[in-house]
Amino acid sequence: MVTACFGGSAASTSLSRSALCLRRLPLACRFPSLPPFLLRPFSPIRAALRSTGLAASRRCADKNPESRARKSIFPEEDFVVANFYKFVTIEDPEAVVAKHLDFLQEWDIHGRIYINEQGINAQYSGPNGDVLAYTDWVKKDHRFSNLLVQVSPACDGHAFPRLKLRYKPSLVQMEGGTAHLPLVDDAMRAHPLTPSEWRERLQAMDDFGISTSKADSQGSVRKHLLLDVRNGYEWDIGHFQGAQRPNVDCFRSTSFGLSNVEVASSDPLAKIDKENTDILMYCTGGIRCDVYSTILRQKGFQNLYTLSGGVSNYLNTEGSAGWMGNLFVFDARLSLPPSFYKPGANDSAFAKPELVHGNSAFARCYVCGSKLLEYRHRNCANLDCNRLFLSCSICVSQLSGCCCLDCTCSPRLRPVLPGHQRYQKWHMYRGCE
Ligand SMILES: [Zn+2]
Ligand SMILES: [Zn+2]
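Residues numbered from 1 in each chain as written. Chains lettered and ligands numbered in written order. Predicted model: local features only at pLDDT ≥ 70, side-chain atom pairs only at ≥ 80, totals over all residues. Heavy atoms only, no water.

## Overview of the overall build of the protein
Each helix and strand in the protein was counted, giving 15 helices and 16 strands. A total of 433 residues make up the protein; the buried ones form 49% of that total. For the protein, the exposed surface amounts to about 20,300 Å²; the carbon and sulfur share of it is 54%. (Helix = DSSP H or I, 4+ residues; strand = E, 2+ residues; numbered from the N terminus. Buried < 20%, exposed > 50% of the residue type's maximum accessible area, 1.4 Å probe, protein only. Areas by Shrake-Rupley, 256 points an atom, 1.4 Å probe, with all protein chains shown as cover.)

Written out as structure tokens, the structure reads:
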């Protein structure tokens, strides 16, 4: 069980470590005199249902021996973050959305859950008991029975401000959407490698992942390319040693995959031998590789492999071998060190420190370029920019939390946030103008 919370470096949060630990104690331990019904997180809908007896009956129905046998390393009351996705044909996505909304009415789940004709993509947080209840219920649908659900501890209650559960034309953010891609066809996606297989492949490459050519037992030359398909700002705080990125951020504003324009010559995919190069691609949880690999498959790349469950699954099972830095996550936690996933994993001792220090883009202040010790982004204080960027403490102070001089002149400036806090709604700061 993880007993401490590391949303980045705990030492620099605004809360002391002891305060964080206290927050992570089950409510029943912190407030032993409170009656049990007050110990559950407040949910107005659940409270209303409880008053009618509906919630109680549904909850009782769920407390069967099979459910009680569910195994989890986290106590029921502890908040956790879970995610899963599945590409599968769904004939009636709107009906599935309605079913999920109905089920979740009585559970304390926040997050982003998107469903369409190509499947489901979910990232959510809640008390572990509620997260387990939803996960178990989803798996009863035969289309989702073999989901890989990844669960990690939340830092301070919910990691998402509210629940957004709806039909979405594209399960990942991508200009032009994904409806034109054959995502539900297993053969079009990259071949998934388990984390241990991935680790073996990395170890087989010279020096953990440097793009290499090697003769196999038959004497034919095989080339490897380790490809990071995440965004630049995710790469900047952590990535696999020896990995490369495509020239464009595939999952932001780009028409990559839609046009027939060839990739730029500086792109690692340019001039690659599409038949004899093994492309090992990874992202945070796996979904972006599944999308990107169908695009590459359509472009003629034949040997595509992906890290099953993404980096989070790897850090969870294999630790930090071959990985340097932190993992960017798309929730309130923003940045997680490897030890968060696997206590004991070494966050700072990289196998090849010279690769880290020689990497000009890695963990540097976006403003002055100085080397950073803390791998954690902040949002630009200019509300109309809101850019996620890395900054040293001197630049934070000199630019009042902004990413550039221009932003410091913005009409909608928010105050510099101390520690790891995230900005709230604009009306909270309107008086600070
Ligand atoms: Zn700086
Ligand atoms: Zn800015």
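Now, onward.
## Observations concerning the pairing of strand S1 (residues 79–87)
For S1, the tally of buried residues reaches seven of nine residues, placing the bulk of the element in the interior. Summarising the sheet, S1 and strand S4 (residues 150–153) pair through four bridges and their orientation is antiparallel. What sits directly across from Ala 82, in S4, is Val 151. (Pairing = 2+ DSSP bridges.)

## Concerning the coordination of the zinc ion (ligand 1)
The protein atoms that coordinate the zinc ion (ligand 1) are Cys 365 (SG), Cys 368 (SG), Cys 392 (SG) and Cys 395 (SG), at distances spanning 2.3 Å. Angles of 101 to 116° at the metal separate the four donor atoms of the zinc ion (ligand 1), which places the site in the tetrahedral class. The sequence pattern describing where the donors of the zinc ion (ligand 1) fall on their chain is C-x2-C-x23-C-x2-C. Pair noted here: Cys 368 is in the loop between helix H13 (353–357) and strand S15 (378–379) and Cys 395 is in helix H14 (residues 393–398), with a separation of 27 residues, a long-range link. (Donors = N, O, S within 2.8 Å, 3.2 Å for Na, K, Ca; no water. Tetrahedral: all angles 85-135°; square planar, octahedral: opposite > 155°, others 65-115°.)

## Some points on the packing of aromatic side chains
Within this structure, the stated rule accounts for 17 aromatic pairs. Aromatic side chains Trp 198 and Tyr 282 sit 6.2 Å apart centroid to centroid with 80° between the ring planes, which places their arrangement in the edge-to-face category. In this pair, Trp 198 sits in helix H8 (residues 195–204) while Tyr 282 sits in strand S10 (residues 277–282), placing the two residues 84 residues apart along the sequence. The exposure class of Tyr 282 is buried, given its relative accessible area of 0%. Measuring from centroid to centroid gives 5.2 Å for Tyr 233 and Phe 328, while their planes differ by 75°, and the two rings are edge-to-face. One end of the pair, Tyr 233, is in helix H9 (residues 232–235); the other, Phe 328, is in strand S13 (residues 327–328), with 95 residues separating them in the sequence. Its relative accessible area of 15% is what places Tyr 233 among the buried residues. (Phe/Tyr/Trp six-rings, centres within 6.5 Å; stacked < 30°, edge-to-face > 60°.)

## Some words on H8
Residues of H8 that are buried include every one of Pro 195, Trp 198 and Leu 202, and no others. Across the axial projection of H8, the buried residues extend over an arc of 55°, all falling on one side. (Arc of directions from axis to C-beta.)

## As for the pattern of salt bridges
Evaluation of the coordinates by the stated rule reveals nine salt bridges. Between Arg 143 and Asp 92 there is a salt bridge; the shortest N-O distance is 3.3 Å. Residue Arg 143 is located in the loop between helix H7 (128–139) and S4, and its partner Asp 92 is located in the loop between S1 and helix H6 (93–104); the two are separated by 51 residues in the primary sequence. Each of Asp 92, Asp 141 and Arg 143 takes part in one network of salt bridges that share partners. (Salt bridge = Lys/Arg side-chain N within 4 Å of Asp/Glu carboxyl O.)

## Description of the nonpolar core
By size, the foremost hydrophobic cluster in this structure holds 24 residues, and its most contacted members are Phe 84, Leu 104, Ile 113, Ile 115, Tyr 124, Tyr 134 and Phe 144. Not counting residues up to four positions away in its chain, the partners in contact with Tyr 134 are Phe 84, His 100, Phe 103, Leu 104, Ile 113 and Tyr 124. If you look at the next biggest cluster of nonpolar residues, it comprises 23 residues, including Leu 193, Leu 202, Val 311 and Tyr 314. (Core = buried A, V, L, I, M, F, W, Y, C linked by side-chain atoms within 4.5 Å. Contact = heavy atoms within 4.5 Å.)

## Quick notes on the sheet that holds strand S3 (residues 119–127)
If you trace the five strands from one edge of the open sheet to the other, you get S4-S1-S3-S2-S5, paired in mixed fashion. If you trace the sheet from one side to the other, it starts and ends with S4 and strand S5 (163–167), each paired once. On average, each strand axis in the sheet is tilted by 10° relative to the strand beside it, whichever way the strands run. In this sheet, S5 lies alongside strand S2 (residues 110–116) in parallel orientation, the contact comprising five bridges. (Axes fitted to C-alpha atoms, helices over the stretch in contact; angles between N-to-C directions.)

## Here we look at the side chain of Ser 170
Relative to the helices and strands, Ser 170 resides in the loop between S5 and strand S6 (191–193). Overall, Ser 170 belongs to the buried group, its relative accessible area being 10%. Excluding residues that lie within four positions of it along the chain, Ser 170 makes contacts with Asn 116, Gly 177 and Thr 178.

## Section: the coordination of the zinc ion (ligand 2)
Coordination of the zinc ion (ligand 2) by the protein is provided by Cys 380 (SG), Cys 385 (SG), Cys 403 (SG) and Cys 407 (SG), with metal-donor distances spanning 2.3 to 2.4 Å. Its four donor atoms give the zinc ion (ligand 2) angles of 105 to 114° at the centre, a pattern that matches the tetrahedral case. Site description for the zinc ion (ligand 2): donor spacing in sequence, C-x4-C-x17-C-x3-C. For Cys 380, a relative accessible area of 0% puts it in the buried group.

## Brief notes about the packing of H8 against helix H11 (residues 310–318)
Close contact between H8 and H11 brings their axes to 9 Å; oriented N to C, the two are set at 90°. Taken together, the axis directions place H8 and H11 in an arrangement best described as roughly perpendicular. Every residue of H11 that contacts H8 at Pro 195, Ser 196, Trp 198, Arg 199 and Leu 202 is listed here: Asn 313, Tyr 314, Thr 317 and Glu 318. The residue inventory of the contact of H8 with H11, partitioned by class, reads four nonpolar, three polar and two charged. (Parallel < 35°, antiparallel > 145°, perpendicular 65-115°, else oblique. Nonpolar A, V, L, I, M, F, W, Y, C, P; charged D, E, K, R; others polar.)

## Structural notes on the state of the cysteines
Throughout the structure, instances matching the rule amount to zero disulfides. Here Cys 409 is not cross-linked by a disulfide; its sulfur's nearest cysteine counterpart is in Cys 402, at 8.6 Å. (Disulfide = S-S within 2.5 Å.)

## Details of the packing of H6 against H7
Two quantities define a packed helix pair, namely the angle between the axes and the distance from one axis to the other. H7 packs onto H6 with a crossing angle of 150° between their chain directions and a minimal axis gap of 11 Å. Taken as axis vectors, H6 and H7 run roughly antiparallel relative to one another. Two packed elements cross with a definite hand, and for H6 against H7 that hand is right-handed. Together, Lys 99, His 100, Phe 103 and Leu 104 of H6 and Ala 133, Tyr 134, Trp 137 and Val 138 of H7 make up the contact between the two elements. Taken together, the residues of the contact of H6 with H7 sort by class into six nonpolar, one polar and one charged. (Left-handed = near helix turned anticlockwise from the far one by under 90°.)

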